[in-house]
Each structure stands twice: as C-alpha cells, then as structure tokens.
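# Notes for the structure review
Listed below, chain by chain, are the residues.
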Amino acid sequence: MIHVFVGPTLSRSEPQLSAPGIRRWPPARHGDLFHATIRDDDTVVLIDGVYHQAPALRHKEILAAMGRGVHVIGAASIGALRAAELAPYGMLGVGSVYAAYHRGDITADDEVAVGQAPDGQWEALTWPLVNLRSVLRLAQEAGAQVSVSPRVSRRSPTGVRGPGRTRRSRGAGSRSGPAPQC
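Right, let's walk through the structure included here. As the structure is a computational prediction, the values presented were derived from the model and not from experiment. (Residues numbered from 1 in each chain as written. Predicted model: local features only at pLDDT ≥ 70, side-chain atom pairs only at ≥ 80, totals over all residues. Heavy atoms only, no water.)

### Remarks on the overall build of the protein
When helices and strands are tallied, the protein shows five helices and five strands. Walking the protein from its N terminus toward its C terminus, one meets helices and strands in the order β-β-β-α-β-α-β-α-α-α. Residues classed as buried in the protein amount to 42% of the 182 residues present. Of all intrachain contacts in the protein linking residues separated by at least 6 positions in sequence, the fraction that spans at least 24 positions is 53%. Entry remark: accessible area of the protein is about 9700 Å², with carbon and sulfur atoms responsible for 54%. (Helix = DSSP H or I, 4+ residues; strand = E, 2+ residues; numbered from the N terminus. Buried < 20%, exposed > 50% of the residue type's maximum accessible area, 1.4 Å probe, protein only. Contact = heavy atoms within 4.5 Å. Areas by Shrake-Rupley, 256 points an atom, 1.4 Å probe, with all protein chains shown as cover.)

### Side note on the sheet that holds strand S2 (residues 22–25)
Read across the open sheet, the five strands follow the order S2-S1-S3-S4-S5; overall the sheet is parallel. Strand pairing shows two members of the sheet lacking a second neighbour, S2 and strand S5 (92–94), which therefore form its edges. Going from strand to strand, the sheet's axes swing by 20 degrees on average, the running direction of each strand aside. Bridging between strand S1 (residues 2–5) and strand S3 (residues 43–46) involves four bridges; their strand directions are parallel. Each residue of the ladder has a partner; that of Val4, found in S3, is Val45. Across the sheet, helix H2 (residues 78–86) lies against S3, strand S4 (71–75) and S5, angled at about 120 degrees from S4, the strand it touches most. (Pairing = 2+ DSSP bridges. Axes fitted to C-alpha atoms, helices over the stretch in contact; angles between N-to-C directions.)

### A look at the packing of helix H1 (residues 59–67) against H2
The interhelical angle for the contact between H1 and H2, taken along N-to-C directions, is 70 degrees, at an axis separation of 11 Å. The angle between H1 and H2 places the two elements in the roughly perpendicular class. Across from His59, Ile62 and Leu63 in H1, the residues of H2 making contact are Arg82, Glu85 and Leu86. Residue composition of the contact of H1 with H2, grouped by class: three nonpolar, one polar and two charged. (Parallel < 35°, antiparallel > 145°, perpendicular 65-115°, else oblique. Nonpolar A, V, L, I, M, F, W, Y, C, P; charged D, E, K, R; others polar.)

### Quick notes on H2
Within H2, eight of the nine residues are buried, which leaves it mostly tucked inside the rest of the structure. Those residues of H2 that sit buried are Ile78, Gly79, Ala80, Leu81, Arg82, Ala83, Ala84 and Leu86. Residues of H2 that are buried sit in contact with S3, H1, S4, S5 and helix H3 (96–103).

### What about the nonpolar core?
In terms of nonpolar packing, the biggest core is built from 29 residues, with Phe5, Leu33, Leu46, Ile62, Met91 and Tyr101 touching the most fellow members. Breaking this core down by element, the ones donating at least two residues are S3, H1, H2 and H3. Leave out the neighbours within four places in its chain, and Phe5 touches Trp25, Pro26, Pro27, Ala28, Asp32, Leu33, Ile38, Val44, Val45, Leu46, Ile47 and Asp48. If you look at the next biggest cluster of nonpolar residues, it comprises six residues, including Val6, Val45, Ile47 and Trp122. (Core = buried A, V, L, I, M, F, W, Y, C linked by side-chain atoms within 4.5 Å.)

Laid out in structure tokens, this is it:
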C-alpha cells in the first residue's frame, strides 16, 4: 500500500491519488506514521504536513517508521525538507524543492510553509517562498522585466514570515516597492 500525505500542494482531485493501492491522507502531523494501517514494507509519500495548528511530524517518527521497514519518500513541502534532513538515514527525496534543500540552496522551514485552513478543507491560506522564487525565475526566463531577484531572502518581500504570507500581504508588498535584492 502507498500512503500519500497531501494537502494544499496537490489537489485532492488528482487522478493519481485515486489509483488502486493508494491511500490519501490529510497533511501529516505528529503520530500519523504510527497508524495501524501503515504496515511494514508499505510506502509513505510525505508531501504536506501541519506546522502551526497541530504538532508537526517529527524526525524520530520518520526514522521509527523506516526502522520497521516502511519506505518513506519526501517531496514538495515538509516532505522535501524532511527528506533532505534524513537522507543520510535512508529517506528518499524527489523533486526540485528537495534538490534545493539537499544542495543547501534553501535551509529554513518557512521556505515551504503554507498556512492551511483549520477546517480540514486543505485550502492554502498562504504562499510558500519556493513558489515565489519559481514564478520570478519563470517570468525572467520569459523576458519579463522583474525588479526582484528570484534569489529573494528567507523573508518575503514585505518582511512577513510563514503564516502571515497571504495574498493580501503580497499585494500590499507589491505596492510598497520592490523586495530587497539578494
């Protein structure tokens, strides 16, 4: 069985999440990898997890799951972060966000933090910095005049971190001037 912990990063309507042998879970939180339905030799794909509204999935939980034979793959959000941190212990990471963490291009948790609706709808309430960098890079590659470097600092252009990084704060920042160059 493949257990996929996903939230705002990937739509619940993705056909891959409905394939036979796939069990879709909400964003991972403390204790989820100890659930009785996750058996030895299963695979866990960790994409999204909670940060602020509940205790986050801990490194030791992932190590304990791997220790009993669960294969753990991380991508995109907290999965990419944890995979980079636990690669020396056998966690597999995939994707560009994982590669950026693994190379040390990005290091902070809030690079991928996404505020989520508390009602279980998995709606993203904020925007991660990795998305901002990607959009800026694509705009520059397409020839757009971008006044902000794609290598923005760990802080958002408005100086707002993590959960406060909403569409409204992004709009306010764009009217107040460009982000600091890095």
